[in-house]
Amino acid sequence: MTFVIRGLASAGFLVALGLPALAQTEVKIGYALAPDSHYGVAAAKLEEVVTAETGDDFEFNHFPSSGLGGEREVIEGLQLGTIEATIVSSGTLANFVPDTGVFDIPFLFRDLGHARAVLDGEIGQEILAKFDDVGLHGLAWGEQGFRHITNNRNAIHTPADVEGLKIRTMENPVHLAAFNAMGAAPTPMAWPEVISSLQQGVIDGQENPLSVIVSVKLDEVQEYLTLSGHVYSPAMLLVSKPFWEGLTDEQKAAFEKGATEAVAAMRAYVDDVETTGVETLKERGMKVNELSADEKSEFQSSITSAYEEYYKTYNKALVDSIVNFE
Ligand code: PAF
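Residues numbered from 1 in each chain as written. Predicted model: local features only at pLDDT ≥ 70, side-chain atom pairs only at ≥ 80, totals over all residues. Heavy atoms only, no water.

Identification of the chain as Putative periplasmic substrate-binding transport protein from Pseudooceanicola batsensis is taken from an unreviewed UniProt entry. Under the heading Subcellular location (unreviewed entry), UniProt records this for the chain: "Periplasm". The record in UniProt for the chain states the following under Sequence similarities (unreviewed entry): "Belongs to the bacterial solute-binding protein 7 family." (UniProt positions renumbered as here; feature names shortened; annotations may be inferred.)

> Now, about empty space enclosed by the protein: what can you tell me, with residues and values included?
Summed over the entire model, instances satisfying the criterion amount to 3 cavities of 30 Å³ or more. Put simply, the largest cavity is a space of about 180 Å³. If you go around the largest cavity, you meet 20 residues; those closest to its centre are Glu71, Ser89, Arg168, Met170 and Trp191. Those elements that provide at least two residues to the lining of the largest cavity are α3 (71–80) and β4 (136–151). Of the residues in the lining of the largest cavity, the class split is 9 nonpolar, 6 polar and 5 charged. (1 Å grid on protein atoms, 1.4 Å probe; cavity = no way out; pocket = protein on both sides within 12 Å on 5 of 7 lines; lining within 4 Å. Points joined across faces, edges and corners; volume = space filled by probe spheres on them. Helix = DSSP H or I, 4+ residues; strand = E, 2+ residues; numbered from the N terminus. Nonpolar A, V, L, I, M, F, W, Y, C, P; charged D, E, K, R; others polar.)

> So what about helix α2 (residues 38–54)? Which residues, and what values?
Its 17 residues give α2 an end-to-end C-alpha distance of 24 Å, which sits within 8% of 24 Å, the value for a rise of 1.5 Å per residue. Those residues of α2 lying buried are His38, Tyr39, Gly40, Ala42, Ala43, Leu46, Val49, Val50 and Thr54. Between the side-chain oxygen of the N-cap and the backbone nitrogen of Tyr39 there are 3.2 Å, and the N-cap of α2 in question is Ser37. Downstream of α2 by a residue or two, Gly55 has a phi angle that is positive, lying close to 70°. (Expected span 1.5 Å × (residues − 1). Buried < 20%, exposed > 50% of the residue type's maximum accessible area, 1.4 Å probe, protein only. Polar contact = N/O pair within 3.5 Å; in protein donor to acceptor, adjacent residues only side chain to side chain.)

> Outline the layout of surface pockets, listing residues and values.
One number sums up the size of the largest pocket: a volume of about 410 Å³. What lines the largest pocket is a set of 23 residues, and nearest its centre among them are Arg110, Phe146, Ser228, Gly229 and Lys296. When contributions to the lining of the largest pocket are tallied by element, the ones reaching two or more residues are α4 (112–120), β4, β8 (224–240), α10 (249–283) and α11 (293–302). When residues in the lining of the largest pocket are grouped by element, the largest group, 6 residues, is from β8. Of the residues that constitute the lining of the largest pocket, the class distribution is 12 nonpolar, 6 polar and 5 charged.

> Account for the packing of aromatic side chains, with residues named and values stated.
The tally for this structure, following the rule as stated, stands at 10 aromatic pairs. A ring pair is formed by Tyr307 and Tyr311, whose centres lie 5.9 Å apart and whose planes are at 65°; its orientation type is edge-to-face. Here Tyr307 pairs with Tyr311, and both are found in helix α12 (residues 304–313), just 4 residues apart, close to one helical turn. Classification of Tyr307 as buried rests on a relative accessible area of 15%. Here a set of aromatic residues connected by ring pairs shows up, and it is made of Phe103, Phe109, Trp141, Phe146 and Tyr232. (Phe/Tyr/Trp six-rings, centres within 6.5 Å; stacked < 30°, edge-to-face > 60°.)

This is the structure in structure tokens:
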């Protein structure tokens, strides 16, 4: 019979004492993308570091490509204690900790460096700590990059080009408000339904960073890519609170170290795909255009009404302090 025991001495230590080895604690880690994506790379690094630090305390079982369901379902599994760990986008996080939605506001961050500094700084860390109040424990902020629009209807240069566009958004009210304000016809949808909905023409398009567009091969189901960079897409390494509370201090430190290195690996992947991704997608046949500075400010102006909504939910002083963060 196998017992799963948390927070006890490592199996190697028990064997050395002549005692029977305890079974390892299973860490089911679920994520929406493939093992060779930025999520897969980060999950592998987390396992590598935790294993190096703790010996055989933990057995990691990976469930890539939404193998445990959509991101919301997986987070709920963490709360219940049926899943130990995940790497998720900020898509549904605001449904658990509403304050995270502030990072989903379009045109908030200038570039990756700006976003990383805010997330790693006091503002990001305060919000991360709030996950402990909802049955979760945030290990670290990761990232996906800036989101861009893909679709099968037309190239996009101005808000008029997205008029009535059936675009899938994440289940995220901040994103939804922006696409409504632009005049598109947004449909919030869990990720596992997106590819088939694109194939069947239920939706015309979707938006995601290059890390996702390249690794999922969205070029196989989408003709146009517009480098809109309309919003930064944070990710998060999360563990279940019941799991976290069962760990020893040494094991917690190993997960923290693993998370730091996993984020470094994820950011390196994003840096790389930001440099090479557009060429890859052009070679695979996508028609790519980048919004000029003027076109981008037209999009920014088109969502003024959404910003009024955001200021009702998120303190304007907080939004301003993120925008002006140096
Ligand atoms: O678009 C989404 O839902 C997310 O960006 C994805 C692809 C699931 C990665 O977290």
